[in-house]
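# Overview (structure and organization)
Read off the chains here:
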Amino acid sequence: MIMNNLYKLLRSVCFISALFTVSGCKKLLDIDPPKNERPSGVVFGSVETAKAALSGAYSTLSQSQTYSINLTLANALAADELRALSGTARYAALQNNTYEPMTSSYTSDIWNDSYTSIYQFNSIIIGLSNNPSVTAAVSKQIVAEAKTMRAYCYLQLVGLFGDVPLVLTTNVDQTALTPRVAASTVYTQIIQDLNEAKADLGEDYVSNSGVSNRMQANRSTASALLSRAYLTIGNTQEAIRNASEVISNTGLYQLLPGSRLNDVFLANSREAILQLGSSLNATSGYTNEGQAFVSNPFSFSLSFTLSDGLLAAFEPNDLRRAAWVRPVTMNGVTASEPYKYKNYDRESATTSQRVEVPTVLRLAEIYLIRAEAYAATGNRVLALADLKTIRDRAGLTELSANVNVEDAVLRERRIELFCERGDRWLSLKRTGRIDAVLGAAKPSTWQSYAQLFPIPQTAIDTNPNLIQNQGYR
Amino acid sequence: MYKKYLTWNFHVLTNHNDYTNNSAFCQVRRLPVLCLLALLFICNNSTSAQSLSEKRYTVSFSNSSFEQAVKQLENQSKIKFVYNETLISKRNRITRSFKNQTLPEILTVVLDEYNVSYEMIDNKYIILKSLESKPARENSAAETRPVNQNGFVQTGLVLDETGQPLPGVSIRLNNASNIALTDNKGRFQIGIPRDATLLLFTYVGYKNTERKAARNQELNLNLEPDPGRLDEVSVIGYGTSSRRTSTGSSNGINAVDLEKTPASNPAAALQGRVAGVYITQGNGLPGSPMRFTIRGTNSLAGRNNPLFIVDGVPFLAEAINAQAGNALDAANGSTSPLNSLNPSDIESISVLKDADATAIYGSRGANGVVLITTKKGKAGKTTVEGMVKQGFSEVAHFVNLLSTQQYLAIRRKAYENTGIDPVADDAYDLTQWDQNAQTDFQKTLIGRTAKMTDANVALSGGDERTNFRFSGTHLRQGNVFTKDQGYQRSSFNLNVGHKSLDQKFELAFSAIYSAEKNNVSVLDQTSAAYNLPPNYPLYNADGSLYWSGVPFGVPTNPLGQLNQVQDNNSSTLVSNMMLSYNILQGLTFKTSFGFSRSDMDQSRLYPMSSMDPGVSWNESRSIFANNNTTNYIIEPQLNYTRKISRGSLTTLLGGTWQSQNSKQPYYTLASGFPSDAFLEDLASAENVSTSSGSSQYKYLSVFGRVNYNWENKYILNLNFRRDGSSRFGLDSRYGNFGSAGAAWAFTEEKFAKGISFLSFGKLRASYGIIGSDQIGDYQYLDSYASVPYNYNGVAGLVPTRIANESYRWEQTKKMDIGLDLGLFKDKFSLSASYYRNVSGNQLVAYPLSIQAGFSSYQANLPAKVENKGWEFTLSSQNVKSTNFRWSSDFNFSVNKNKLLSFPDIEKTSYYTQYVVGRPLSSNYVFQYTGFDPLTGLPAVADLNGNGSINYGFADTGRGDRYYAGGTQPKFYGGLSNTLSYKNVTLDFLFQFVKQKGRTILSQSFYPPGYMYNGAAQPILEYVNAGLPGQPQVTSTFDDAYDAYSDYTGSDALLTDASFIRLKNVNLAYDFTGNWLKRAKMRKLRIQLQAQNLFTITNYLGFDPESQGVNLPPLRTIVAALQFTF
């Protein structure tokens, strides 16, 4: 009886083993994906997960070192806005514009973080193309946001590095070795992306669970970025047109009055066009800028001060100096700290009961873009009118009619947008004044080639088709 | 002479339970001869507890012949009758009935009829002998019959070389599956089915001996010791082999070696004992991980774990909590999975090294295979074995640190040099703490004696068909930290084996269950013990813990850190069932089913009492993690053995299906508790975040082996394997592996017979290709993972990797040539191996230009890594007399590792890590040029002449660090000796390693002058060098700081880290005497064991094996009592 059963058992074991060995059965090797991972097919198979992928891409961008602080820090040091007071060795290369391909982690991070995010936006755009699983309307919205943000990243790359590889797919065989393309080609792609996105984006911000934030791109975001891009490539008409679209949207956007300059960088500020969540935590209420720039009772020493040149550029009684610059003294060292963001940690945010969010795009810049574009087309009156809007808010008098408008716009930008994601650095380059200005500010170290950051050595090491910017070893 | 008619009185039992009172006798009727068939009526009243002679039978014979009667009795009694039929007359027939009678009673009657006497042996056999004294010659008819038709019982006596009886010698037959063992007196009986049967006597440590069975004759023999252990069975992949017949390279240790060490981790017992296997212990904390390097490092990616197999079931190489999700480590890193195995349950550990031995494991064998086999029950008396160990461990060597006076002088000098105000700089050691206080922190923090208790007991026994062994153990190991911490293990091990009556079907089952608890601290206190300023106050005047209130720059109180609670509870179950059936002569089908499961539950609590209350951001928090891994394996196998010509062919065909599931149900971080009392109550936490993870691994393969052995002279062994692994993309899952090995035992040749001193000589060689799939799971999967925070109210998903569907196995081509010699009757035996392994197709995180989205993806790199080396193993039986014996074992290994080639390395990020032509793990250092007389600071050479000191390699022109040798040992080995005099046995093992290291100063990140203490000698040497103003002493980030960090990265800190360590000592005394027998004890032994007793080294620091500032492997001394009933 027992033996009989054993025979049966053995027979079935024989059968099973024969099954393994003969068929090499694929199923026997099939495994489930890990519980904390979803195959991309699944991710782009439903509205919720597709939205989650977009949310993840925004997260990565806002969490990255570059888009939370380095853009501001590196560009402000490289230009003439900021000076480091402690840890100077770390910032010396930036301040002296002697950054190198191998050693400068700040410039390398900008490259690395941008392409990391671009990969994510690319994977969303590709994942949702011709994808019937997600309703067309939702799909359109998500893809348009992804294109806007991809354009935003490229705008940084092309502004800081010049020609860059234009990567629009996730296929490693196509992306790993692709060479740099002309900056103009990149701008063309940026403008095409933004225009396509603008057509598909709604005017209102995407709100989730009824909470409205300005944390995802809307149509005005695309317009604002278009005005920036067009201004950079010299298409002033389009720059003006897109800027005007945003400015005229007074239902959504208004400059805060001079009395409320302290509120400009709060969550849902009426002035904000795009806020990139908080880099630290969606609900923490403080920013990396605040943490980096604002000294606090636990600081050993002061970190940064605004440059003397910038401080001197403020006109007397400029409300912005009182609101956005903080004079401090510690251990006998004095500094003027950038004070646009005031919360330096969770506790200070809780105490102040003010939720600050990194603001990527805001209305004041759009006025200044339009002013610069008007000035470039010779339309002094409209340019001065836009400048007046900004100066009024700052409690400053109107400029005289015979002022050099280009200079006036540049100086106003310098004050209004100091330490905001490298606006000064890009403006000096855009206006072609960088050699003159920085040559004067840093006579012993400035070299013209430094206006383009070096391509990270690791990127070149792994892609022999990349050619380093001129001037770098 | 035959009695034609038999009358016999027998007991008539009114009540068989009362038969002793019965005295009635009856006459038995004579029945007519009616039929030739015997009528059989079975009435077996016996219970199993009764011995055979007490069992009662009812049987009747009706005109039965001798054969019929014997058969009838055999059937009924289940006892084998053996006799020489030529000697027994067959003419008589018997007709009788017996009712409820014992076998002896029946036999006496029946056999008398045939004029035959009997003898019952061991309740198993009945041997029949003719009482007729006629010479065999007379029976010519019988002589012409084949003489081997009937069996008999062979009895005999086995003695050792000194004439002492050898118990436990196993005796097998060449033509039947009978097995017997010698008893305590060395006696044995075994049933022999026919003449010309050969008996094979085997006993560990003795030569296998063959003798011809002899009828009616005692077989007495002396076994010859086999110091070379030529025929000792060693476990290889899916089978066994021996030194005589193996074609491959494998070494190992067995239970005897494991008994000699007090180590709780079986891997520690391998240290120094096995050639080609380099094992280092990460630190001295209980449960600490052991790193295996078998014949060098093959893989650039860094995962070089061998494959561990316990009783046929693949075992985790990495800690349970490292299988999926986030790993929550303790101070010891993570508990080594091998620690869950109780060394005293292990029968043997075999390490397979070359292609011939490892190819049968195909894609997993490239880094070697470690086979662990647990003990099985043996036929014979039921045995209770036990061992109780009690002992302690302590740090063997402390480092001589700066005294308070020396330390403060350097500190003051630093502030003098930099001009910084110590008050403003929070230099509490100069401004606030007692300038004369001096605490020996090494003694305070890591100076405790850790107690250890280990008790185990095993019950085993069985007979020829069924055996079992069941054991239980409990181990408790303390820690040297000030707080009561430690490691506990309880485990059970069950082994059951069974064979069917016809010996064709076999079953073996083994199960190990082990539960572990480890609450060793999160932080190794050694670094605090080394670094704390000597006048640091641990306590306030009121006895409470001292806290500085300064968040950075002042060390936090290490005793506070001990208030953190770490609790790891894990359990492991490994079970395996093997079924085998002998289908035909030589053809056996086997299947093993394995299952293992490991669980780990962890929590770590950071109460406020463990943190400085003066630092505002400190808040209590806790972490909880849970992990489990389940593993199934099914391995059907077909074995076929037959003789072809003068050789024997053994073939194996098998398959494997393995499925491994790892899960991390949760990894939870919680903070914001109302008070320390709530740390384990998640509901009260303000912030809770949880992540989870899982991974799966499946594995499928077919494998085969063909072995052909021509009279133990020429041996050929071929292995092949085709594997599929889920770690690879759909199109590249399968790979083929194989090896060929050959051996030539030249001493079997005629020409060698004349060489008297050469008793055994064998040349062997093997070559093969083996794979490695030691990469993470899912690298081919294009997937998204969640991020732990929301963006704009939506939980995010991000891409996890650039998926690559096409990467393939890493491949190692292994070549091995070996020589095995036995000299002077195997008194000396020597094994030498030369190997060369080349690993190519390196599976690595292939560097990508970040523009592709990720900086790397899983891919094969064309780089080649070479490992070559020599291994020697020498055993010698130095002295061998009745009372005194001395034997030695020596092993020696050399390994050279080299990055052979790496096309386009300069285009990868590996360019900053490796140099072609150098070992994978190398010392790249600056060239120290002495103290600069101008600056007074240490200087290093600008080797690439670019005007500055750069970190890159001088070899590649990118920097100034030059190659100063590999970090792996140049050579290593061990020497063990066993001396026994009468009842006393002494074993000791020296381990030696020749290697280079960096002095302990390299562990001081900050230059002298900072608030860190350190080893006195190198610091004072540094401080006192150069200019009288000692500008090299600093307390801030300046030129002196940079100069110091260049100095510590220079060859000035290279040092000889070689060592000779008395790894193990074991002194045993075996009690003998009659009182043992009266106590029914078979063995009673007391032992004194020590581990890491002392170390001879020039290395200045805690320990040359672990180097660095972490708890060194401890010195352990235990007393053990071992007994067997």
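Refer to the preceding data block for the structure.
Values in this document were obtained by computation on a predicted structure and should not be read as measured data. (Residues numbered from 1 in each chain as written. Chains lettered and ligands numbered in written order. Predicted model: local features only at pLDDT ≥ 70, side-chain atom pairs only at ≥ 80, totals over all residues. Heavy atoms only, no water.)

## Quick notes on the packing of aromatic side chains
Residue and element names in this part refer to chain B. One pass over the full model with this rule turns up 67 aromatic pairs over all chains. Residues F990 and F1094 carry aromatic rings whose centres are separated by 6.3 Å and whose planes lie at 65° to one another, so their mutual orientation is edge-to-face. A residue pair is termed long-range when its members are at least 10 positions apart, and F990 in strand 50 (residues 984-994) and F1094 in the loop between strand 54 (1083-1091) and strand 55 (1095-1097) qualify at 104 residues. You can call F990 partly exposed: its relative accessible area is 23%. Lying over the aromatic face of Y699, R364 brings its terminal NZ or CZ to 4.1 Å of the ring centre. The aromatic ring of Y606 is capped on one face by R621, whose charged end is 3.9 Å from the ring centroid. (Phe/Tyr/Trp six-rings, centres within 6.5 Å; stacked < 30°, edge-to-face > 60°. Helix = DSSP H or I, 4+ residues; strand = E, 2+ residues; numbered from the N terminus. Buried < 20%, exposed > 50% of the residue type's maximum accessible area, 1.4 Å probe, protein only. Lys NZ or Arg CZ within 6 Å of the ring centre and 35° of its normal.)

## Let's talk about the interface of chain B and chain A
In this assembly, 63 residues from chain B lie in contact with 75 residues from chain A. Where chain B abuts chain A, roughly 5900 Å² becomes buried across the two surfaces, and 63% of that area is made up of carbon and sulfur atoms. On inspection of chain B and its partner chain A, the count reaches two salt bridges. The salt bridge partner of R801(B) is E37(A), with a shortest N-O separation of 3.0 Å. There are 20 residue pairs in polar contact (both at pLDDT 80 or more) connecting chain B and chain A. Counting only elements with at least two residues in the side of chain B that touches chain A, the list comes to strand 29 (565-584), strand 30 (587-606), strand 32 (647-671), strand 33 (687-710), strand 34 (714-725), strand 37 (783-791) and strand 38 (794-799) of chain B. Of all the elements, strand 33 of chain B adds the most residues to the side of chain B that touches chain A, at nine residues. Taken together, the residues that form the side of chain B that touches chain A break down as 35 nonpolar, 21 polar and seven charged. Inspection of the sheet shows strand 1 (residues 37-39) of chain A paired to strand 37 of chain B by three bridges, in the antiparallel sense. Each bridged residue has a counterpart across the sheet, and for P39(A) the counterpart in strand 37 of chain B is S783(B). (Contact = heavy atoms within 4.5 Å. Buried area = accessible area lost by both parts, 1.4 Å probe. Salt bridge = Lys/Arg side-chain N within 4 Å of Asp/Glu carboxyl O. Polar contact = N/O pair within 3.5 Å; in protein donor to acceptor, adjacent residues only side chain to side chain. Nonpolar A, V, L, I, M, F, W, Y, C, P; charged D, E, K, R; others polar. Pairing = 2+ DSSP bridges.)

## Overview of empty space enclosed by the protein
Where empty space is left becomes clear once a probe the size of a water molecule has been rolled over the atoms. All names here are of chain B. On inspection of all chains with the given rule, the structure shows 15 cavities of 30 Å³ or more. Taken as a whole, the largest cavity encloses approximately 280 Å³ of empty space. Taken together, 23 residues line the largest cavity, and the ones lying closest to its centre are S264, Q281, Q477, Q1091 and T1116. Contributing elements (two or more residues each) for the lining of the largest cavity: strand 25 (450-462) and strand 26 (466-478). The element best represented in the lining of the largest cavity is strand 25, accounting for three residues. Each residue belonging to the lining of the largest cavity can be placed in one class, and the counts come to nine nonpolar, 13 polar and one charged. Size it by volume and the second largest cavity reaches roughly 130 Å³. What lines the second largest cavity is E259, S344, D345, K375, E385, G386, M387, N456, V457, A458, R469 and Q1122. (1 Å grid on protein atoms, 1.4 Å probe; cavity = no way out; pocket = protein on both sides within 12 Å on 5 of 7 lines; lining within 4 Å. Points joined across faces, edges and corners; volume = space filled by probe spheres on them.)

## Examining the sheet that holds strand 37 of chain B
On the basis of which strands lie adjacent, the open sheet formed by three strands has the order 1(A)-37(B)-38(B) and antiparallel pairing. Each having just a single partner strand, strand 1 of chain A together with strand 38 of chain B make up the two edges of the open sheet. Between one strand and the next, the sheet's axes are offset by a mean angle of 45°, whatever the strand orientation. Contacts from helix 6 (residues 105-128) of chain A reach strand 37 and strand 38 of chain B, with the element oriented near 100° to strand 38 of chain B. (Axes fitted to C-alpha atoms, helices over the stretch in contact; angles between N-to-C directions.)

## Looking at the pairing of strand 8 (residues 152-159) of chain B
Residue and element names in this part refer to chain B. Of all eight residues in strand 8, seven are buried; the element is thus mostly enclosed. As paired elements, strand 8 and strand 11 (residues 187-192) share six bridges and run antiparallel to each other. Paired with T155 across the bridge in strand 11 is Q189. Note: strand 8 against strand 14 (residues 219-222), four bridges, orientation parallel.

## So, the packing of helix 17 (residues 380-393) of chain A against helix 18 (residues 405-416) of chain A
Residues and elements named next belong to chain A. For the pair helix 17 and helix 18, the least separation of the axes is 11 Å and the interaxial angle reads 25°. Considered as vectors, helix 17 and helix 18 are oriented roughly parallel to each other. The crossing of helix 17 and helix 18 is left-handed. Contacts between helix 17 and helix 18 involve R380, A383, L387, I390, R391 and R393 from the former and V405, A408, V409, R411, E412 and E416 from the latter. Across the contact of helix 17 with helix 18, the residue classes break down as six nonpolar, no polar and six charged. (Parallel < 35°, antiparallel > 145°, perpendicular 65-115°, else oblique. Left-handed = near helix turned anticlockwise from the far one by under 90°.)

## Side note on the pairing of strand 18 (residues 277-281) of chain B
All names here are of chain B. Of all five residues that make up strand 18, five are buried, and the element is covered over most of its length. Covered by surrounding structure in strand 18 are V277, I279 and Q281 together with Y278 and T280, the residues of both alternating faces. Inspection of the sheet shows strand 18 paired to strand 19 (residues 290-294) by five bridges, in the antiparallel sense. Its bridge partner lying in strand 19, I279 is registered against F292.

All we've got here are geometric facts, nothing functional implied.
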